[in-house]
Amino acid sequence: MRQSHQLPLVGLLLFSLIPSQLCEICEVSEENYIRLKPLLNTMNQSEYTRGTSFSANVLLSLQLVGIQNQNLKQKLIQQIEYTMKRRLSQVSSGELALIILALGACHNPDENLIYDYHLIDKLENKFQAEIENMEAHNGNPLTNYYQLSLDVLALCLFNGTYSTTKVVNYFTPENKNYYFGSQFSVDTGAMAVLALTCVKRSLINGQVKTDESNLKNISIYIKSLVEKILSEKKENGLIGNTFSTGEAMQALFVSSDYYHENDWNCQQTLNTVLTEISQGAFSTPTAAAQVLPALMGKTFLDVNKDSSCVSAAGNFSNSTHEPVTVTTPGSQSSISVNYSVRINETYSANVTVPNGSVFLDVMEKAQKMNDTIFGFTMEERSWGPYITSVQGLWASNNDRTYWELLSGGIPLSQGVGSYVVHDGENLEVRWSKY
Ligand code: CBY
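Residues numbered from 1 in each chain as written. Predicted model: local features only at pLDDT ≥ 70, side-chain atom pairs only at ≥ 80, totals over all residues. Heavy atoms only, no water.

Here the focus is unusual backbone geometry. Here C106, not a glycine, exhibits a phi torsion of approximately 70°, which is positive. Mapped onto the fold, C106 is located in the loop between α5 (93-104) and α6 (111-116). A positive phi is found at N138, a non-glycine position, where the angle reads about 55°. When you line up the elements, N138 lands in the loop between α7 (119-136) and α8 (145-157). (Helix = DSSP H or I, 4+ residues; strand = E, 2+ residues; numbered from the N terminus.)

Here is the structure:
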């Protein structure tokens, strides 16, 4: 008798638990916001403004998670406006897409800048130029598929014109542009899933008309890309590497129809990312900006949702002015590394640098020692300096060539400006194809 009384109660309890568990959004809880502080501190270091895609990345991230740091936002917008006035023609398609996403996020007053500067038309042209380059150069875009995905995403979210058929033609999961060598690029795949999901939604809502087969193909592509992303999941929950995980999470948030609940333990991924934050892994503003939205349950598809910009996070951002704890290298001790440039032959030198130096310091020192062999050029990208040439040999997107960074023969997952070198290490820049 007692049991039969309890049964409905237990049933009710279960009923109320199950749905909430199914809908559980994997995001950092409010009491854990403090663990995100290092990211905000890093993003706050905008005194050294690093060009537009850096500003757009940070602004987009702040807008999406609803952080009310007007001072920083104003600085970033100024930087973006400066670029729009002076050098919009030199901005790459993906950078422009990021600018549009950042300015348009949350329907704030800056959204007008998109229309004042005709940014959507300009993006349509830059996207067209990417496609023309692919047609002329063996399927290689001017930039890369990460940027093409950003283009489609921005055009889709802000009612630009694009051809769904072209998207279907170019975004097949077998396309070589999703790969660097034989390695699937999780960052690229994730951005493509976000773009394709946006396109799929506007087809379903009837905002864009197309034939059934395009819609069907887009769904097939999303499914296949999601499988590839999930197959890059590591034992500790990271997807690809530390720096691609945030974007992979965004892609998996919007595509939950395409994988099984058991295929991904979101909480494990989240916890590992939080641990990485505490170890200082996201020490560049772009790294911090790219991971933050996912940690707060946001995706780039929330950009034009009205409700996306208000959040409890606004409150914890005001007190972020403490200096960042940087691990100061012990006294003035020196370390020495072996540095090589490999084209067909290998040119090596022993280089001594202060303890705590980064890869770039080694390259500069070697250049001073022998400019003919170790001379190089670089340009500032959103993630920091990117090596464009060594010994006068230039990387080329049309040929898919680049200068690869390695340590002990293993490719690095950080650029020359952030990778801290160790005593006795074998560093190499290698002329490679991707
Ligand atoms: N952003 C872009 O256009 C870049 C897209 C991206 C997929 C990007 C990673 C991902 C991201 N979230 O931004 C990307 N890298 C690309 C496309 C490329 C290629 C650039 C040329 C092209 N076609 O556009 C290329 C040549 C394959 C490449 N990345 C090279 C490198 C190496 C750079 C070496 C150099 N010459 O300076 C390097 C260091 C790998 C190596 N071992 O040589 C590299 N990339 C790394 C490590 C990274 C990660 C940076 C992580 C960090 N903490 O610094 C990266 C996030 C990123 C930037 N590359 Co690429 C990938 C990762 O590890 N998850 C859009 C624009 C608007 O900003």
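Within the element layout of this structure, I67 appears in the loop between α3 (52-65) and α4 (70-86). C-alpha separation for the pair I67 and L40, spaced 27 residues apart in sequence, amounts to 9.5 Å.

The next thing to look at is the site of the ligand. Lining the immediate environment of the ligand, one finds 31 residues, of which N144, Q147, N241, L405 and Y434 sit closest. Q290 places a side-chain nitrogen or oxygen 2.9 Å from a nitrogen atom of the ligand. In this structure, a nitrogen atom belonging to the ligand sits 2.7 Å away from a side-chain N or O atom of Y434. Residue assignment for the shell around the ligand shows that the elements contributing at least two residues are α5, α8, α10 (186-204), β6 (384-390) and β8 (401-407). Sort the elements by how many residues they give to the shell around the ligand and β8 lands first, with 4 residues. Residue classes in the shell around the ligand are distributed as 13 nonpolar, 14 polar and 4 charged. (Near = heavy atom within 4 Å. Polar contact = N/O pair within 3.5 Å; in protein donor to acceptor, adjacent residues only side chain to side chain. Nonpolar A, V, L, I, M, F, W, Y, C, P; charged D, E, K, R; others polar.)

Turning our eyes to something else, we now look at the packing of aromatic side chains. Applying the stated rule across the entire model yields 13 aromatic pairs. Centre to centre, the rings of Y145 and Y178 are 5.6 Å apart; their planes meet at 85°, and the pair counts as edge-to-face. One end of the pair, Y145, is in helix α8; the other, Y178, is in the loop between α9 (164-170) and β1 (179-180), and 33 residues separate them in sequence. Relative accessible area serves as the criterion here: at 0%, Y178 is assigned to the buried category. With centroids separated by 5.9 Å and ring planes inclined at 80°, the aromatic side chains of F243 and W383 adopt a geometry described as edge-to-face. With F243 in the loop between α11 (212-230) and α12 (245-254) and W383 in the loop between β5 (376-381) and β6, this pair connects stretches of sequence that are 140 residues apart. (Phe/Tyr/Trp six-rings, centres within 6.5 Å; stacked < 30°, edge-to-face > 60°. Buried < 20%, exposed > 50% of the residue type's maximum accessible area, 1.4 Å probe, protein only.)

At their nearest, the axes of helix α2 (residues 37-44) and helix α14 (residues 285-295) sit 9 Å apart, and the two run at 140° to each other. The orientation of α2 with respect to α14, classified from their angle, is oblique. Like other packed secondary-structure pairs, α2 and α14 cross with a definite hand, here left-handed. Mapping the contact onto sequence places L39, L40, T42 and M43 in α2 and P285, A288, A289, V291, L292 and L295 in α14. Residues belonging to the contact of α2 with α14 are distributed by class as follows: 9 nonpolar, 1 polar and no charged. (Axes fitted to C-alpha atoms, helices over the stretch in contact; angles between N-to-C directions. Parallel < 35°, antiparallel > 145°, perpendicular 65-115°, else oblique. Left-handed = near helix turned anticlockwise from the far one by under 90°. Contact = heavy atoms within 4.5 Å.)

Right, let's talk about the nonpolar core for a bit. Nonpolar side chains in soluble globular proteins tend to be buried together. Grouped together as the largest cluster of nonpolar side chains are 108 residues, with contacts concentrated most on L36, L119, F171 and L295. Among the elements that make up this core, the one with the highest residue count is α10 (11 residues). V351, V353, V358 and F374 belong to the second largest nonpolar core, which has 25 residues in total. (Core = buried A, V, L, I, M, F, W, Y, C linked by side-chain atoms within 4.5 Å.)

Attention shifts here to the packing of α7 against α8. Angle between the axes and distance between the axes: these two values describe a pair of packed helices. Packing of α7 against α8 leaves a shortest axis separation of 10 Å and a crossing angle of 145°. Of the two possible hands of crossing, α7 and α8 adopt the one that is left-handed. Contacts between α7 and α8 pair I120, L123, E124, F127, E130 and M134 from the former with Y145, L148, D151, V152, A154 and L155 from the latter. A class-by-class count of the residues in the contact of α7 with α8 yields 9 nonpolar, no polar and 3 charged.

The UniProt record annotates "domain: Transcobalamin-like C-terminal" (unreviewed entry) at residues 356-433. The annotated region residues 356-433 carries 19% helix and 41% strand content, and the separation between its end C-alpha atoms amounts to 30 Å. (UniProt positions renumbered as here; feature names shortened; annotations may be inferred.)

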